[in-house]
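Observations on the model geometry
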Amino acid sequence: LEALKWLAMASMFTDHIGRHLLGWPQDSWVFALGRLAFPLFAFVLGVNLAREGDRARRCARTAARLLAWGLVSVLPSIWARGDPQMLNVLFTLGLGAALCWLVELDRPVLLRASASVAVAVAAWWVEFGVGGVFLVVAVYLACTQRQPGLALVAVLLVASVAVLNGQFGGLPAFAATLSTLALAAAFRGLPVWVPRWQLLFYAIYPLHLAAIGALKSM
């Protein structure tokens, strides 16, 4: 999982540096390579949240942390990208974790359903949209419920994200997004171990955007 996360970060850095600092267009290879990042982050998050233990507490804590760091990243994101139309990807992952929390929450079904609808509405204003937010919870449910149908839903949501990416980056971006399914499956069989630096992931997002913004201003 950590190796997948580092691969996702490398993909994200390549995309952000290539496009926002060096000026490569969306139909370039850097954008296509950057399409690996979000599905891999969603896979890692969903699997980590599904680990044994107090899942409701873990999901709530992770959602709060992601949304808080998303707020911290708003200004660096504007500095690096200009004025983005969507809230950054930490909000996408945070809303996905919030949905996982609602699944585990011991509250009336009507209350949880209403809150889930509110999350789905908020998902229209984050990167990768509703499909991106629900991908996290689909991976989570596939891991906790162990039902093939839920895994199929996750695959279909990756395909929906691929279609969205393809609208901006063409066939290379579409294909790169779909390739994350094969990458995630391949990494399961590799004898790879990487230390888990949890806080680094949160901090590195606003820091690298701030660095890009600073370099652009120079």
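One can find the structure itself at the top, above this paragraph.
All of these numbers come straight from a predicted model, not from anything done at the bench.

What follows concerns the overall build of the protein chain. Helix and strand counts for the protein chain stand at 10 helices and 0 strands. Element order for the protein chain, N to C, with α for helix and β for strand: α-α-α-α-α-α-α-α-α-α. Computed over its C-alpha atoms, the radius of gyration of the protein chain comes to 17 Å, within 12% of the 17 Å expected for a compact globule of 218 residues. With respect to the three principal axes, the spread of C-alpha positions in the protein chain is 55 × 35 × 35 Å.

This part covers the environment of Val130. Relative to the helices and strands, Val130 resides in helix H8 (residues 129-145). According to the relative accessible area criterion, Val130 is partly exposed, its value standing at 27%. In contact with Val130, not counting residues within four places along its chain, are Ala120, Ala123 and Trp124.

A word on the packing of helix H1 (residues 2-21) against helix H3 (residues 37-49). Remark: H1 packs on H3, axes separated minimally by 8 Å, with the N-to-C direction vectors making an angle of 155°. Here H1 lies roughly antiparallel to H3, going by the angle between them. The two elements H1 and H3 meet at a crossing, and its hand is left-handed. Touching Leu4, Lys5, Leu7, Ala8, Met9, Ser11 and Met12 of H1 are Ala37, Leu40, Phe41 and Val44, all from H3. Among the residues forming the contact of H1 with H3, the class breakdown is 9 nonpolar, 1 polar and 1 charged.

A cluster of nonpolar side chains, namely Met86, Leu87, Val117, Val121, Trp124 and Trp125, defines an oily patch on the protein surface of about 640 Å² accessible area. If you trace the backbone, Met86 turns up in the loop between helix H5 (74-81) and helix H6 (89-104). For Met86, a relative accessible area of 38% gives the class partly exposed.

Here we take up the pattern of salt bridges. Applying the stated criterion to the full structure yields 5 salt bridges. Here Glu52 ties to Arg55 by a salt bridge, and the two come within 3.4 Å at their closest N and O atoms. Between Glu127 and Arg81 there is a salt bridge whose closest N-O contact spans 3.0 Å. Pair noted here: Glu127 is in the loop between helix H7 (109-122) and H8 and Arg81 is in helix H5, with a separation of 46 residues, a long-range link. Each member of the pair, Glu127 as well as Arg81, carries the same accessibility label: buried. It is possible to trace a salt-bridge network through shared partners that takes in Asp15, Arg19 and Arg35.

To continue, consider helix H9 (residues 148-188). Here H9 is 41 residues long, yet its end C-alpha atoms lie only 18 Å apart, well below the 60 Å a rise of 1.5 Å per residue gives. For H9, the principal kink sits at Gly169 and spans about 150°; a proline, Pro172, occurs within the next four residues. Among the residues making up H9, those that are buried are Ala154, Leu157, Val158, Val161, Ala162, Asn165, Gly169, Ala173, Ala176, Thr177, Thr180 and Ala184. Where H9 is buried, its residues contact H1, helix H2 (29-34), H3 and H8.

Phe38, Phe41, Leu66, Leu93, Leu135 and Phe201 are the most contacted members of the largest nonpolar core, which totals 53 residues. Only H1, H3, helix H4 (55-72), H6, H8, H9 and helix H10 (198-217) provide two or more residues apiece to this core. Among the elements that make up this core, the one with the highest residue count is H6 (10 residues). Not counting residues within four places of it along the chain, the set of residues in contact with Phe201 comprises Lys5, Met9, Phe41, Leu66, Leu90 and Leu93.

Another aspect to go through is the environment of Thr144. Locating Thr144 in the fold gives a position in helix H8. Exposure remark for Thr144: the relative accessible area of 17% places this residue in the buried category. Measuring from C-alpha to C-alpha, the distance between Thr144 and Arg51 comes to 8.2 Å, with 93 residues separating the pair along the chain. Setting aside chain neighbours within four positions, we find Thr144 in contact with Ala50 and Arg55.

The rules behind these values
Residues numbered from 1 in each chain as written. Predicted model: local features only at pLDDT ≥ 70, side-chain atom pairs only at ≥ 80, totals over all residues. Heavy atoms only, no water. Helix = DSSP H or I, 4+ residues; strand = E, 2+ residues; numbered from the N terminus. Rg over C-alpha atoms; globule rule 2.2 N^0.38 Å. Buried < 20%, exposed > 50% of the residue type's maximum accessible area, 1.4 Å probe, protein only. Contact = heavy atoms within 4.5 Å. Axes fitted to C-alpha atoms, helices over the stretch in contact; angles between N-to-C directions. Parallel < 35°, antiparallel > 145°, perpendicular 65-115°, else oblique. Left-handed = near helix turned anticlockwise from the far one by under 90°. Nonpolar A, V, L, I, M, F, W, Y, C, P; charged D, E, K, R; others polar. Patch = residues over 30% accessible without salt bridge, like charges linked within 9 Å, V, L, I, M, F, W, Y side chains within 5 Å. Areas by Shrake-Rupley, 256 points an atom, 1.4 Å probe, with all protein chains shown as cover. Salt bridge = Lys/Arg side-chain N within 4 Å of Asp/Glu carboxyl O. Expected span 1.5 Å × (residues − 1). Bend = angle between axes of the 7 residues up to and from the residue. Core = buried A, V, L, I, M, F, W, Y, C linked by side-chain atoms within 4.5 Å.

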